[in-house]
Amino acid sequence: YDIMPGGVYWFRTSGFCVPACVGAMQLVPDAGTSSPAAACILSRTVNDVVITEAAMPPAVPAVHARIYVDMSEGRDSGLAMAAPGLAAVGVTLSAYGSDGSTPAGSQTKDLTIMGNGHAAAFVREWISGLDPLFKGVLDISASAPIAVLSLRTLTNAQQNFLMTTFPVVDMDRKGSELLIFPQ
């Protein structure tokens, strides 16, 4: 595809994946050009009514990241990872309590993501033995950079499955002194 200066390229899936479709998309600009700004909107529609929508930011590949996990009171935490290169990437997932250091559940899961492949699941599907009301952190270590996205879900009183993305902390990136929270 080509994007003219100041232009937009709109890519939309058919929206008719039953059950849910999974995958990853990688944008690589031509040499000497800048990367386009990217965003994705994930939505769930039931009987032509939008039940939930979440904006997904582009993921910057990292080798060490952490996400917050909350499985309490109808909530859950999902994790999607993609290996942007041609080689397979070894990944270790480790669960810790809210203090960030006390091991939780079976604590560790090792997996391999094939080159240009992806893996996605709820944290409880990867780390067995977590308390059903677990709140804590999941530490993600990879042998090469992977793109990571965290999804937080809630099943509300009407049994609607709601979702939003949640920040992924790159543990190797230095924090900025200036933080801005737009309203």
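Residues numbered from 1 in each chain as written. Predicted model: local features only at pLDDT ≥ 70, side-chain atom pairs only at ≥ 80, totals over all residues. Heavy atoms only, no water.

S.K.: What is the right way to look at the layout of surface pockets in this model?
M.R.: One way to see where empty space is left: roll a probe the size of a water molecule over the atoms. A volume near 450 Å³ is recorded for the second largest pocket. For the second largest pocket, the lining is made up of 21 residues, of which Pro167, Val168, Val169, Asp170 and Arg173 are closest to its centre. Counting residues per element, the ones that place at least two in the lining of the second largest pocket are strand S3 (62–70), strand S8 (135–155), strand S9 (161–166) and strand S10 (169–170). Tallying contributions element by element places S8 first for the lining of the second largest pocket, with five residues. Class assignment for the residues of the lining of the second largest pocket results in 15 nonpolar, three polar and three charged. (1 Å grid on protein atoms, 1.4 Å probe; cavity = no way out; pocket = protein on both sides within 12 Å on 5 of 7 lines; lining within 4 Å. Points joined across faces, edges and corners; volume = space filled by probe spheres on them. Helix = DSSP H or I, 4+ residues; strand = E, 2+ residues; numbered from the N terminus. Nonpolar A, V, L, I, M, F, W, Y, C, P; charged D, E, K, R; others polar.)

S.K.: It is not clear to me how the side chain of Asp139 should be interpreted in this structure. Could you clarify?
M.R.: Position of Asp139 among the secondary structure elements: in strand S8. Reaching out from Asp139, the side chain makes a polar contact with the side chain of His64 at a distance of 2.8 Å. Those residues in contact with Asp139, other than ones at most four positions away along the chain, are His64, Ala65, Arg66, Thr92, Leu93, Ser94 and Tyr96. (Polar contact = N/O pair within 3.5 Å; in protein donor to acceptor, adjacent residues only side chain to side chain. Contact = heavy atoms within 4.5 Å.)

S.K.: I'm lost on the pairing of strand S2 (residues 49–56) in this one. Help?
M.R.: Along a regular strand, successive side chains alternate from one face of the sheet to the other. Pairing of strand S1 (residues 40–46) with S2 involves seven bridges; the strand directions are antiparallel. In the sheet register, Ile41 faces S2, and the bridge partner there is Ala55. Here S1 hands over to S2 after two residues, with Asn47 in that stretch at a positive phi of 50°. (Pairing = 2+ DSSP bridges.)

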